[in-house]
Amino acid sequence: MAAGRAAAGGLRLRLSSRLALVTGGGSGIGRAVCQRFADEGATVAVVDIDEGSANETLKSLPCDRQQHSVFRTDVTSPQSVHSLVSSVQEKFSRPPCITVNCAGITMDDLLLKMEAEAFDRVLKVNLMGTFLVIQAVAKALIASGTKGGSIVNLGSIVGKVGNLGQANYTASKAGVMALTKTSAKELARFGIRCNAILPGFIDTPMAAKVPPKILEKVLQLVPMGRLGDPSEVASACAFLASDDSSYITGANLEVTGGLFM
Ligand code: NAP
């Protein structure tokens, strides 16, 4: 984390005066994204279902001129997402021109044992939650006449190649990739770009749930031979959020250390 934040210190403030909304901002990749964006000058709306962890993220953010804020939200609830976007607009007098969808869960089991509820829940958080946030933010941007916007969705490399024990998760992440491309096609005429990041295995509380024996086997397949740091995913998000990627939309950017290239 420290390396990534130090690197940001050497960059120009690409996100200065931008308002960014980050779901799943209370943990792992989402927290690192909030930190990187704030380091690059953005004002950050830290969104999470767990208000306590979102407040921990908030405390870690630099606030020179920015007034970051926390919004407790369940991305699976249309009402909760609607009131999130209204509250953000009320608080900051504008919709977020940057959105990163990091909220996500796993409920792993082998296909033959997986309960329908576990399949449904993972699809709801990872895929429907991403859809609800994209739709609400895009509507707000269009209604406000904001010129330009960037939406970044967290997919996963396993959404491309499948993974044992993750029928629900891999299906949800394949869905995120397709949703990203459709959103990119439909929203381009409003100046809104939409891209996905496909991380490999990143050192977060989510990856900590993977049994050590399996993680060891995965690491043998990673050409760079290590887990990714959340700050390394945050750097890719900052690139896609910034004008440095102004002609990129509908892309899947792999941040995997070379896994399954
Ligand atoms: P994480 O540390 O578990 O963080 C996910 C955050 O999302 C948590 O704070 C979680 O809160 C929150 N969340 C869960 N359900 C939510 C809901 N309904 N509404 C709002 N927030 C909710 O996971 P991560 O590793 O940073 O993953 C971030 C994203 O990257 C996910 O989409 C994940 O699928 C993707 N990804 C991660 C990896 C990896 O190796 N870590 C690899 C590929 C893709 P609770 O803790 O209270 O549930």
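Residues numbered from 1 in each chain as written. Predicted model: local features only at pLDDT ≥ 70, side-chain atom pairs only at ≥ 80, totals over all residues. Heavy atoms only, no water.

A. Expanded view of the overall build of the protein. Per the secondary structure count, the protein includes 9 helices and 7 strands. Over its C-alpha trace the protein gives a radius of gyration of 17 Å, about what one expects of a compact globule, namely 18 Å for 261 residues. Along the longest, intermediate and shortest principal axes, the C-alpha atoms of the protein span 50 × 40 × 35 Å. Taking all 261 residues of the protein together, the buried fraction comes to 53%. Total accessible area on the protein is roughly 12200 Å²; 57% of this is exposed by carbon and sulfur atoms. (Helix = DSSP H or I, 4+ residues; strand = E, 2+ residues; numbered from the N terminus. Rg over C-alpha atoms; globule rule 2.2 N^0.38 Å. Buried < 20%, exposed > 50% of the residue type's maximum accessible area, 1.4 Å probe, protein only. Areas by Shrake-Rupley, 256 points an atom, 1.4 Å probe, with all protein chains shown as cover.)

B. Expanded view of the site of the ligand. Near the ligand lie 27 residues; those nearest to it are Ser27, Ile29, Asp48, Tyr169 and Thr204. At 2.7 Å, a backbone N or O of isoleucine 29 approaches an oxygen atom of the ligand. Contact distances for the ligand include 3.0 Å between a nitrogen atom and a backbone N or O atom of valine 75. Expressed as a share of its isolated accessible area of 890 Å², the protein-covered part of the ligand is 88%. More than half of the atoms belonging to the ligand lie within 2 Å of the grid points that define the largest pocket. Every element with two or more residues in the shell around the ligand is listed here: α2 (28-39) and α7 (167-187). (Near = heavy atom within 4 Å. Polar contact = N/O pair within 3.5 Å; in protein donor to acceptor, adjacent residues only side chain to side chain. 1 Å grid on protein atoms, 1.4 Å probe; cavity = no way out; pocket = protein on both sides within 12 Å on 5 of 7 lines; lining within 4 Å. Sits in = over half its atoms within 2 Å of the grid points.)

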